[in-house]
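Listed below, chain by chain, are the residues.
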Amino acid sequence: MKINKLMLALAVAATTIAACNKEDVTPVSKNLKSVDISLENVLFTKSVDAADIANNSNVVINDFKVYFTDGSTLYTPMKANGTDNATVYFSTTGETGLPAANSADLKFHFLPAAVNQVVVLGNLGKEENYPTTVEGFRKALEVGNEQTATNLRLYGKSALVPKTPDHNVNVPDNPDYPKHATDVYEANVTLTPRIARVEVVSFIRSASGQEFDKVTIDQVVFDNYYPSYSDLTAEYAQTGTVVACPLTQTDIYNHFATATGWMSDNLALEFTSTEAAETETANLAYHFFPDKTAKATENAGVVTTTGAYPRLLVKATGYYTGDTNPTPLYLYTKAFRTTATTPELISEEDFAPAAIFEVEFTFSDANFLQQEKCVEVSVTPKKWNVIAVNPVF
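Please read all numbers here as calculations on a predicted model, not as lab measurements. (Residues numbered from 1 in each chain as written. Predicted model: local features only at pLDDT ≥ 70, side-chain atom pairs only at ≥ 80, totals over all residues. Heavy atoms only, no water.)

Here we take up the overall build of the protein. Summing up its helical and strand segments, the protein has two helices and 25 strands in all. By residue count, 52% of the 393 residues in the protein fall in the buried class. (Helix = DSSP H or I, 4+ residues; strand = E, 2+ residues; numbered from the N terminus. Buried < 20%, exposed > 50% of the residue type's maximum accessible area, 1.4 Å probe, protein only.)

Here it is as structure tokens:
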């Protein structure tokens, strides 16, 4: 997927839910609850041009809906007047747009005592796309629909806890906190996408081991991933048959020829120096449902992987001066390794929702000529959380 309009936003936004401070509310029951939602560190926008996602940047929310529940039943909050239902769906395309922090639109009242948690869903589009039952929260996702960084499905949940200072008792020495007619609670909700992300920032041809007078990088295909996700509410719920190309020369070239859509990018990067290292910008990004059982191990210098360990297939061409029959080439990544002073293999829990693996794909001509055409890639992790990684060949 080319990064043309990807948001400088993602590492997940904290949504703070705090209690309301409304003193003119007529008590209906001393056990009723009031909740005031304040959205902080969330980027409300439609689109921004960016080459990649910044480390610890905010999630983009285009629309969201707030739910109050006891775990099985949904409850409708009211406005402070005790008559009208409160608005719980907000959108950039709505009449008033998204609410500002501490907006009166985000104050909810007269919730039953049974309410003990707040759920927020984001980026499902129109209000009719949002579920109307607790069971409906368990929405299924397709990886092809999760490739736009500015429009990722989001989920967050938090229990209610008493507000501090305690609004539910008199505080004699503090006139700002009189006893309230409704119990007042707060919660912290973290909205999280269900995908992780591989960013191929650039390709770097090493100065050592140069065999060809020119090398071109022609195509990149993302491989070895789950196509589906069964439950938006679950941290790991990848499902379906893993999409993985058999690692034989015939199968790989057939895959290059037939791969289309978000997982494949055609390039025209040229490396012509015969003495120095060269860098060409790529700006590619691929989203995938992370598999925390995907594992990389190393034994006597040999790296092996298991599970849905993400893989990059790279198609290239080698040229000699005056050559009328260029040499078809390919590589695939065997694993990812961190770029730290003491590099470690990316494995298992490293593959988490909202993790970004930033790749500067360094190769030498010799990598194409080895019998097993695989590479080890160094990555820089970032959480939404960026992880710089190197390829393992």
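Across all of its chains, the model carries nine salt bridges by this definition. One salt bridge connects Asp-231 with Arg-138, and the closest N-O pair in it is separated by 3.1 Å. In this pair, Asp-231 is assigned in the loop between β15 (228–229) and β16 (238–239) and Arg-138 in the loop between β7 (117–122) and β8 (141–142), connecting sequence segments 93 residues apart. Overall, Asp-231 belongs to the buried group, its relative accessible area being 7%. Residue Arg-138 is classed as partly exposed on the basis of its relative accessible area of 46%. In this structure, the salt-bridge partner of Glu-199 is Arg-197, at a minimum N-O distance of 2.7 Å. Exposure class is identical for Glu-199 and Arg-197. Each is buried. Taken together, the shared-partner salt bridges connect Glu-135, Arg-138 and Asp-231 into one network. (Salt bridge = Lys/Arg side-chain N within 4 Å of Asp/Glu carboxyl O.)

Bringing the sheet that holds β16 into the picture now. Sheet architecture is open: three strands sit in the order β8-β15-β16, paired in antiparallel fashion. Across the chains shown, the open sheet's two edge strands, defined by having one partner strand only, are β8 and β16. Looking at chain direction, β15 and β16 are connected through two bridges and run antiparallel. What sits directly across from Tyr-229, in β16, is Gln-238. (Pairing = 2+ DSSP bridges.)

Here we come to the nonpolar core. Judged by nonpolar contacts, the single largest core of 65 residues is most densely connected at Leu-121, Val-198, Phe-203, Ile-217, Phe-222 and Phe-363. The greatest single-element share of this core, amounting to six residues, is contributed by strand β22 (residues 327–338). Setting aside residues no more than four positions away along its own chain, Leu-121 makes contact with Asp-63, Phe-64, Lys-65, Tyr-67, Tyr-130, Pro-131, Phe-137, Leu-154, Tyr-155 and Leu-232. If you look at the next biggest cluster of nonpolar residues, it comprises 21 residues, including Ala-86, Phe-90, Phe-108 and Leu-191. (Core = buried A, V, L, I, M, F, W, Y, C linked by side-chain atoms within 4.5 Å. Contact = heavy atoms within 4.5 Å.)

Attention now moves to the confidence of the model for the protein. Looking at the protein, pLDDT values average 81 and 73% of them are 70 or higher. The model gives residues 4–30 a pLDDT under 50, and that stretch makes 124 contacts with residues more than four places away or in other chains. For residues 38–51, every residue scores under 50 in pLDDT, and the model assigns this stretch 51 contacts once sequence neighbours within four places are set aside. (pLDDT = per-residue confidence, 0-100.)

Checked against the element boundaries, Glu-278 lands in strand β18 (residues 278–288). As a buried residue without a salt bridge, Glu-278 has its nearest oppositely charged side chain in Arg-205, at a separation of 4.1 Å. Only 2.8 Å separates the side chain of Glu-278 from the backbone nitrogen of Thr-272, close enough to count as a polar contact. Every residue in contact with Glu-278, bar those within four places of it in the chain, is listed here: Phe-203, Ile-204, Arg-205, Glu-270, Phe-271, Thr-272 and Ser-273. (Lys, Arg positive; Asp, Glu negative; His and termini not counted. Polar contact = N/O pair within 3.5 Å; in protein donor to acceptor, adjacent residues only side chain to side chain.)

Let's shift gears to the environment of Leu-154. Mapped onto the secondary structure, Leu-154 falls in strand β9 (residues 154–159). Put simply, Leu-154 and Val-120 are 34 residues apart on the chain and 8.1 Å apart in space, counted from C-alpha to C-alpha. In this structure Leu-154 touches Val-59, Val-60, Ile-61, Val-120, Leu-121, Gly-122, Asn-123, Leu-191, Thr-192, Pro-193 and Leu-232, once residues within four positions along its chain are discounted.

Examined bridge by bridge, strand β19 (residues 295–299) and strand β20 (residues 302–306) share five bridges and lie antiparallel to one another. The residue bridging Ala-296 from the neighbouring strand is Thr-305, located in β20. Between β19 and β20, which pair antiparallel and follow one another directly, the connecting turn spans two residues, one of which, Ala-300, has a positive phi of 55°.

Further remarks concern the side chain of Ser-264. Within the secondary structure, Ser-264 sits in strand β17 (residues 264–271). Discounting chain neighbours no more than four positions away, the residues touching Ser-264 are Gln-219, Val-220, Val-221 and Ala-259.

What follows concerns the packing of aromatic side chains. Applying the stated rule across the entire model yields 21 aromatic pairs. Between Phe-212 and Tyr-320, the aromatic rings sit 5.1 Å apart at their centres with planes inclined by 45°, giving tilted as the arrangement. On the criterion of sequence distance, the pair formed by Phe-212 in the loop between β13 (196–205) and β14 (214–223) and Tyr-320 in the loop between β21 (311–319) and β22 is long-range, its members being 108 residues apart. Aromatic pair Tyr-309 and Phe-351: ring centres 5.0 Å apart, planes at 80°, arrangement edge-to-face. Pair noted here: Tyr-309 is in the loop between β20 and β21 and Phe-351 is in the loop between β22 and β23 (356–363), with a separation of 42 residues, a long-range link. (Phe/Tyr/Trp six-rings, centres within 6.5 Å; stacked < 30°, edge-to-face > 60°.)

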